[in-house]
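If you want the building blocks of each chain, they are given just below.
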Amino acid sequence: MLHHALIMLAAGIGIPILAALNAALGRTIGSPAVAATILFIVAFACAAVVAMLTNPQAFAKLAAAPRHLFLAGVLIAFYVLSITWIAPTMGVGNAVFFVLLGQLISAAAIDHFGLFTAQPSPLNWTRAAGIALMATGVFVTQKA
């Protein structure tokens with residue numbers, strides 16, 4: 001379990017770095033959309049290599065997967081395009097603050113209702129207070 005937490009911590013560390021790098025690329029070349037496209041090409045190549053090395057037979061199961069599950073690609077495209085466009089004007093920290101706030105809200109809803117086959121974890125007052133405390137903490141760091 002600790003190694004999962006460390007992997008997710010590293011992923012969290014990477015999100016603002018991704019935002020800053022891609023925003024800088026978008027400014028450098030004059031097109032946030034092209035910067036996002038390049039990011040997706042590099043990400044696709046990395047994911048394809050990992051997929052081929054770890055479980056290439058999974059590609060055969062794609063035809064049976066429910067189509068709505070592919071909307072995750074639309075969401076990641078929306079995230080990358082929006083952070084690439086907005087971070088240069090709003091600042092990476094402020095942009096990521098709103099991303100984190102959105103993540104807290106949607107994660108609480110997904111867990112509470114057990115959406116998308118997630119393990120249900122009802123939103124009680126303790127969890128709600130913890131989420132509010134996390135959101136407040138992120139807000140305070142951006143105001144300082």
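Our subject is the structure that appears above.
First, a word on what this report is: a plain description of the structure on this page. Worth saying up front: this structure is predicted, and the values here are computed from it rather than measured. (Residues numbered from 1 in each chain as written. Predicted model: local features only at pLDDT ≥ 70, side-chain atom pairs only at ≥ 80, totals over all residues. Heavy atoms only, no water.)

1. Description of the layout of surface pockets
And step 1. Roughly 320 Å³ of volume is contained in the largest pocket.
And step 2. If you go around the largest pocket, the residues you meet are I15, A72, L75, I76, F78, Y79, S82, I86, V99 and Q103.
And step 3. For the lining of the largest pocket, the elements supplying multiple residues, two or more each, are α3 (71-90) and α4 (92-113).
And step 4. By residue number, the principal contributor to the lining of the largest pocket is α3, which donates seven residues.
And step 5. Partitioning the lining of the largest pocket into residue classes produces eight nonpolar, two polar and no charged.
And step 6. As a volume, the second largest pocket reaches approximately 240 Å³.
And step 7. Forming the walls of the second largest pocket are L100, Q103, L104, A107, A108, D111, R127, I131, M134 and V138.
And step 8. When contributions to the lining of the second largest pocket are tallied by element, the ones reaching two or more residues are α4 and α5 (125-143).
And step 9. For the lining of the second largest pocket, the class distribution of residues is seven nonpolar, one polar and two charged. (1 Å grid on protein atoms, 1.4 Å probe; cavity = no way out; pocket = protein on both sides within 12 Å on 5 of 7 lines; lining within 4 Å. Points joined across faces, edges and corners; volume = space filled by probe spheres on them. Helix = DSSP H or I, 4+ residues; strand = E, 2+ residues; numbered from the N terminus. Nonpolar A, V, L, I, M, F, W, Y, C, P; charged D, E, K, R; others polar.)

2. Examining the packing of aromatic side chains
And step 1. In total, this model carries two aromatic pairs according to the counting rule given.
And step 2. Seen from their ring centres, F97 and F98 are 4.7 Å apart, and the 75 degrees between their planes marks the pair as edge-to-face.
And step 3. A relative accessible area of 9% means that F97 is categorised as buried.
And step 4. On the basis of relative accessibility, which here comes to 46%, the residue F98 falls in the partly exposed class.
And step 5. Considering the side-chain rings of F97 and F139, the 5.9 Å spacing of their centres and the 55 degrees angle between planes classify their relative orientation as tilted. Of this pair, F97 sits in helix α4 while F139 is found in helix α5, placing the two residues 42 residues apart along the sequence. (Phe/Tyr/Trp six-rings, centres within 6.5 Å; stacked < 30°, edge-to-face > 60°. Buried < 20%, exposed > 50% of the residue type's maximum accessible area, 1.4 Å probe, protein only.)

3. Observations concerning the nonpolar core
And step 1. By size, the foremost hydrophobic cluster in this structure holds eleven residues: A19, A23, A36, L39, Y79, V80, I83, A87, A95, V96 and V99.
And step 2. Of all elements in the fold, only α1 (2-29), α2 (32-54), α3 and α4 reach the threshold of two or more residues within this core.
And step 3. The dominant element in this core, judged by the number of residues it contributes, is α3, at four residues.
And step 4. With residues up to four places along the chain from it excluded, the contact list for V99 reads Y79 and I83. (Core = buried A, V, L, I, M, F, W, Y, C linked by side-chain atoms within 4.5 Å. Contact = heavy atoms within 4.5 Å.)

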